[in-house]
Amino acid sequence: MSSRDRILGRVRRALADVTPDERPYGEAVPRDYLRVHGELTTEQTVELLAENLADYRAIVHRADAEELPLLIMRLLAEQGAQEVLVPPGLPPEWMAAADPVRIPDRAADTPQRLDRVDSVVTGCALAIAETGTIVLDGSPDQGRRRISLIPDHHICVVRVPGQVVSSVPQALERLAPARPLTWISGPSATSDIELDRVEGVHGPRKLDVVLLS
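If you're wondering where the values come from, they're calculated on a predicted model, not measured in any experiment.

Participant: Which parts of the structure should I look at to understand the overall build of the protein?
Facilitator: Per the secondary structure count, the protein includes six helices and 12 strands. Computed over its C-alpha atoms, the radius of gyration of the protein comes to 21 Å, more than 25% above the 17 Å expected for a compact globule of 213 residues. Evaluated residue by residue, the protein yields a buried proportion of 40% over its 213 residues. The contacts in the protein between residues at least 6 apart in sequence include a share of 71% that link residues at least 24 apart. Of the roughly 12400 Å² of accessible surface on the protein, 54% is carried by carbon and sulfur atoms. Taken as two groups, the 24 positive and 32 negative side-chain charges of the protein have centres that lie 9 Å from each other.

Next comes the structure, spelled out in structure tokens:
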């Protein structure tokens, strides 16, 4: 008997006393947990998002539609970016002032080619204030998952307050589970057994978040 057969046998024995009319797991488990923690105004929710993003070592900027192109140009110049990845649905006015060569999100590009790109600019699906988390879902203004994971510098634009929610339960209600969701809390970071922090192992070392009003 294989290990697989043993595991399946144990599952069948554990379920042997479940009657056909018993409530399924999804209905039997109570879902009465809190959806939010405290009452925050819209402004307070956005401020909490900014605070938690900064706590995760993301660099937070604020801009309106007129200021955004110049801000993106400045952030790319500070990075010394020669090439920047651009998703197909990114609003063209966001990059109107930027100088680097724009590389489109193409399925044919290899990871090695993407690794030579200096920066990527994306939108997002939403941002969660309580956890300082940005969620990408592969929409046209965000592109494929890999373009936000391989380049060393990510500029992510969050439209506020429309794309900001207070809690994870609120976020899950607005996200489509079948889409390729990427949850980002600050730049890529990990630590070894001695708790030495290393950035850039699983994604960009630098994350600039622009709160676009």
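Participant: I keep staring at the sheet that holds strand β1 (residues 59-63) and nothing clicks. Help me out?
Facilitator: Sheet strands pair by backbone hydrogen bonding; their relative direction is either parallel or antiparallel. Strand order across the open sheet formed by six strands is β1-β12-β7-β4-β2-β3, with parallel pairing between neighbours. Only two strands of the sheet have a single neighbouring strand rather than two, namely β1 and β3 (101-104). The average angle at which neighbouring strand axes cross in this sheet is 25°, direction not considered. Both strand β4 (residues 119-122) and strand β7 (residues 153-159) contribute to a ladder of four bridges, which runs parallel. By the bridge assignment, Val121 is partnered in β7 with Ile155.

Participant: Quick question: what am I supposed to make of the side chain of Gln163 here?
Facilitator: Checked against the element boundaries, Gln163 lands in the loop between β7 and β8 (164-165). On the basis of relative accessible area, Gln163 is assigned to the buried category, the value being 11%. If we skip the residues at most four places from it in the chain, Gln163 touches Cys124, Ala125, Leu126, Ala127, Val157, Val158 and Arg174.

Participant: Which parts of the structure should I look at to understand unusual backbone geometry?
Facilitator: Trans peptide bonds make up the majority, and among non-glycine residues the majority have a negative phi. A cis amide bond links Val160 with the next residue in sequence, Pro161, at an omega value of 5°. Assignment of secondary structure puts Pro161 in the loop between β7 and β8. The residue Arg57 is not glycine, and still its phi comes out positive at about 75°. When you line up the elements, Arg57 lands in the loop between α3 (42-55) and β1. The class of Arg57 is exposed, set by a relative accessible area of 51%.

Participant: I would appreciate a short explanation of a nonpolar patch on the surface in the present structure.
Facilitator: Residues Ile7, Val11, Leu15 and Val18 make up a contiguous nonpolar surface patch of roughly 350 Å² in combined accessible area. Relative to the assigned elements, Ile7 resides in helix α1 (residues 3-14).

Participant: Sorry, what's going on with the layout of surface pockets here?
Facilitator: A probe matching the size of a water molecule, rolled over the atoms, marks out where space remains unfilled. There is about 180 Å³ of room inside the largest pocket. Around the largest pocket, the lining is made up of 15 residues, and of these Ile184, Gly186, Pro187, Ser188 and His202 lie nearest the centre. Top element by residues in the lining of the largest pocket is strand β9 (residues 182-184). It accounts for three residues. Here the lining of the largest pocket is built from residues that sort into seven nonpolar, eight polar and no charged.

Participant: I would appreciate a short explanation of the sheet that holds β8 in the present structure.
Facilitator: Taken in spatial order, the four strands make up an open sheet running β8-β5-β6-β9, and their pairing is mixed. The sheet is open, and its two edges are formed by β8 and β9, each paired on a single side. Of the strand pairs in this sheet, strand β6 (residues 133-136) and β9 are connected by three bridges, and their pairing is antiparallel. Residue Ile134 lies in a different strand from β9, and its bridge partner there is Ile184.

The rules behind these values
Residues numbered from 1 in each chain as written. Predicted model: local features only at pLDDT ≥ 70, side-chain atom pairs only at ≥ 80, totals over all residues. Heavy atoms only, no water. Helix = DSSP H or I, 4+ residues; strand = E, 2+ residues; numbered from the N terminus. Rg over C-alpha atoms; globule rule 2.2 N^0.38 Å. Buried < 20%, exposed > 50% of the residue type's maximum accessible area, 1.4 Å probe, protein only. Contact = heavy atoms within 4.5 Å. Areas by Shrake-Rupley, 256 points an atom, 1.4 Å probe, with all protein chains shown as cover. Lys, Arg positive; Asp, Glu negative; His and termini not counted. Charge placed at Lys NZ, Arg CZ, Asp CG, Glu CD. Pairing = 2+ DSSP bridges. Axes fitted to C-alpha atoms, helices over the stretch in contact; angles between N-to-C directions. Patch = residues over 30% accessible without salt bridge, like charges linked within 9 Å, V, L, I, M, F, W, Y side chains within 5 Å. Salt bridge = Lys/Arg side-chain N within 4 Å of Asp/Glu carboxyl O. 1 Å grid on protein atoms, 1.4 Å probe; cavity = no way out; pocket = protein on both sides within 12 Å on 5 of 7 lines; lining within 4 Å. Points joined across faces, edges and corners; volume = space filled by probe spheres on them. Nonpolar A, V, L, I, M, F, W, Y, C, P; charged D, E, K, R; others polar.

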